[in-house]
Amino acid sequence: MAERLGITITKHIMETQRKHFPDATGDFSGLLTELSIAGKVISRAVNKAGLVDVLGKTGDVNVQGEEVQKLDDFADKVIFQKMDHTGYLCAMASEEVDELIPIPDKHPQGGRYTLAFDPLDGSSNIDVNVNIGTIFSIHRRVTPETQKGALADFLQPGRTQVGAGYIIYGSSTMMVYAAGDGVHGFTLDPSIGEFLLSHPDITMPRRSTYYSVNEGNRHKWDPRVQRMVDHFKSPVSAGGAGYGLRYIGSLVADFHRNLLKGGVFMYPADADSGKGKLRLLYEAAPLAYIAEQAGGGAIAEAEDILDIKPTELHQRVPLYIGCKEDVETCREFLTGKR
Ligand code: AHM
Ligand code: MG
């Protein structure tokens, strides 16, 4: 008897397109499919990281002032090379690259979409075999298709994303995406090299019993944030038990756990600078889009992450993301209502 293959990510993307966008050209579906292939290539390299000479740093410092790991660099190049010639994109933006990444002149320029990505998030965890991930965000361009893509195409609020997702390299590799029709997770079956639907229609519980934050930074927080974290820990919450703490230090891994099990992740602003650590375009906005589609929420402080209109490519924001009621509790503390 023939083995049941299951639903591949390509089939799922195509069927979703036919169901919701029967007149679509297929560009958006093609874009997601190419991203899934880039994810497989990066996954293979991550899995071999301990075996071949890809561990360690390149010696360069990226735009965020951090040392670039070899695998970050590799992942960045894989995504660029997988996408540059497709004709789907008008430009790209990467957390690892200072300026907008144009489509090379030799390739079609009239792509209707933009792609912003963090090629390998949580890269400080590469050397220690802890989960890391690739995050992506897709918008429709706003400039004319007769021109090259421009900064204006990327400085759009997260609310107008047409798709977002991540690939997590963990005990297995998974791709999770949302494109206006719920959140769906696919697990890579290495024996056939395909992502298979394993987590259809992911929804977050309204409220959780877990919080994720780097408490070593407590001395840098505003008193409102300190009181808020104390609230989650205290026995008055979660029916007398207090929330449990889970913090991996890889945003994709922390977010993925909270998406599946429930939880609230926080990366507060530094009280002195007023700035967060995480980036709006490559981290906060795509994960906020997924959280909202799964019934959760995401705020910077008073404002929803998805309503923030970016002013620069590498903008940083405070981030509170996860189960809806927990995020609303955060908002109440941050806006002085508690
Ligand atoms: P990166 O993009 O350089 O990898 O940094 C982002 C990472 C996130 O994955 C994670 O949530 C955060 O930094 C952890 O920061 P910290 O070590 O300050 O807790
Ligand atoms: Mg990152």
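Definitions and cut-offs
- Residues numbered from 1 in each chain as written.
- Chains lettered and ligands numbered in written order.
- Predicted model: local features only at pLDDT ≥ 70, side-chain atom pairs only at ≥ 80, totals over all residues.
- Heavy atoms only, no water.
- Donors = N, O, S within 2.8 Å, 3.2 Å for Na, K, Ca; no water.
- Helix = DSSP H or I, 4+ residues; strand = E, 2+ residues; numbered from the N terminus.
- Buried < 20%, exposed > 50% of the residue type's maximum accessible area, 1.4 Å probe, protein only.
- 1 Å grid on protein atoms, 1.4 Å probe; cavity = no way out; pocket = protein on both sides within 12 Å on 5 of 7 lines; lining within 4 Å.
- Points joined across faces, edges and corners; volume = space filled by probe spheres on them.
- Nonpolar A, V, L, I, M, F, W, Y, C, P; charged D, E, K, R; others polar.
- Domains from an automatic or database assignment.
- Contact = heavy atoms within 4.5 Å.
- Buried area = accessible area lost by both parts, 1.4 Å probe.
- Near = heavy atom within 4 Å.
- Polar contact = N/O pair within 3.5 Å; in protein donor to acceptor, adjacent residues only side chain to side chain.
- Pairing = 2+ DSSP bridges.
- Axes fitted to C-alpha atoms, helices over the stretch in contact; angles between N-to-C directions.
- Core = buried A, V, L, I, M, F, W, Y, C linked by side-chain atoms within 4.5 Å.

**Here we look at the coordination of the magnesium ion (ligand 2)**
1) Next: Those protein atoms acting as donors to the magnesium ion (ligand 2) are E95 (OE), D118 (OD), D121 (OD) and E283 (OE), and they sit at 1.9 to 2.6 Å.
2) Next: Sequence spacing of the donor residues for the magnesium ion (ligand 2), all on one chain, is E-x22-D-x2-D-x161-E. Highlighted residues: E95 in the loop between β3 (89-94) and β4 (101-102) and D118 in strand β5 (residues 113-121), separated in sequence by 23 residues. Of the two residues, E95 and D118, both sit in the buried class.

**Some details on empty space enclosed by the protein**
1) Next: What the rule picks out here adds up to two cavities of 30 Å³ or more.
2) Next: The space that makes up the largest cavity amounts to roughly 100 Å³.
3) Next: If you go around the largest cavity, you meet 15 residues; those closest to its centre are S137, H139, F154, Q156 and L281.
4) Next: Classifying every residue of the lining of the largest cavity by side-chain character gives nine nonpolar, six polar and no charged.
5) Next: Here the lining of the largest cavity spans two domains, and each of domain 1 (2-199) and domain 2 (210-334) adds at least three residues to it.
6) Next: For the second largest cavity, the full set of lining residues is T16, Y177, A178, A179, D181, G182 and H184.
7) Next: Residues that form the lining of the second largest cavity fall into these classes: three nonpolar, three polar and one charged.

**Examining the domain arrangement of the protein chain**
1) Next: Per the domain assignment, the segments of the protein chain are domain 1 (2-199) and domain 2 (210-334).
2) Next: Using C-alpha coordinates to define each centre, domain 1 is positioned 24 Å away from domain 2.
3) Next: Contacts between the two partners involve 46 residues from domain 1, matched on the other side by 33 residues from domain 2.
4) Next: Both sides of the domain 1 and domain 2 interface together cover about 3,000 Å² of buried area, and 60% of this is carbon and sulfur.

**Details of the site of ligand 1**
1) Next: Near ligand 1 lie 17 residues; those nearest to it are D121, G122, Y247, L251 and Y267.
2) Next: One of the side-chain nitrogen or oxygen atoms of E95 is found 3.0 Å away from an oxygen atom of ligand 1.
3) Next: Separating an oxygen atom of ligand 1 from a side-chain N or O atom of K277 is a distance of 2.9 Å.
4) Next: Elements supplying a minimum of two residues to the shell around ligand 1: β5, β13 (264-267) and β14 (278-279).
5) Next: Here the shell around ligand 1 is composed, by residue class, of five nonpolar, five polar and seven charged.
6) Next: In terms of domain composition, the shell around ligand 1 takes at least three residues from each of domain 1 (2-199) and domain 2 (210-334).

**Looking at the sheet that holds strand β10 (residues 194-199)**
1) Next: The strand order across the open sheet formed by eight strands is β4-β3-β5-β6-β7-β8-β9-β10, and the pairing between neighbours is mixed. Two strands bound the open sheet, and with one partner strand each, they are β4 and β10.
2) Next: Relative to β5, β3 runs parallel, the two sharing five bridges. Note that in β5 the partner of A91 across the bridge is T114.
3) Next: Sheet strands in contact with helix α1 (residues 9-20) are β8 (173-178), β9 (183-189) and β10, and its direction is about 5° off that of β8.

**Things to note about the nonpolar core**
1) Next: Membership of the largest hydrophobic core comes to 43 residues, with the highest contact counts inside it found for Y166, L259 and I305.
2) Next: Per-element tally for this core: the top contributor is helix α7 (residues 280-293), with 10 residues.
3) Next: Of the domains in this structure, domain 1 (2-199) and domain 2 (210-334) are the two that each give at least three residues to this core.
4) Next: Beyond its immediate sequence surroundings of up to four residues, I305 is in contact with L280, A284, A285, A288, A298, I299, A300, V317, P318 and L319.
5) Next: Judged by nonpolar contacts, the second largest core, of 38 residues, contains Y113, L120, I132 and I167.

**What about unusual backbone geometry?**
Most peptide bonds take the trans form, and the phi angle of most residues other than glycine is negative.
1) Next: You will see that N129, though not glycine, has its phi angle at about 60°, which is positive.
2) Next: Following the sequence through the fold, N129 ends up in the loop between β5 and β6 (132-140).
3) Next: Classification of N129 as exposed rests on a relative accessible area of 74%.
4) Next: Located in the positive-phi region is D201, a residue other than glycine, with phi close to 45°.
5) Next: Within the fold, D201 resides in the loop between β10 and β11 (210-212).
6) Next: In this structure D201 comes out as exposed when scored by relative accessible area, which is 53%.

**What about the environment of G111?**
1) Next: Along the chain, G111 falls in the loop between β4 and β5.
2) Next: Among the residues examined, G111 registers a relative accessible area of 0% and is labelled buried.
3) Next: Those residues in contact with G111, other than ones at most four positions away along the chain, are G87, Y88, L89, C90 and R141.

**Re helix α6 (residues 251-261)**
Note on helix geometry: an α-helix contains 3.6 residues per turn, so any two residues three or four positions apart are oriented the same way.
1) Next: Among the 11 residues of α6, eight are classified as buried, and the element is accordingly described as predominantly covered.
2) Next: Residues of α6 that are buried: L251, V252, A253, D254, F255, H256, N258 and L259.
3) Next: Among the residues trailing α6, G262 stands out with phi positive, at a value near 95°.

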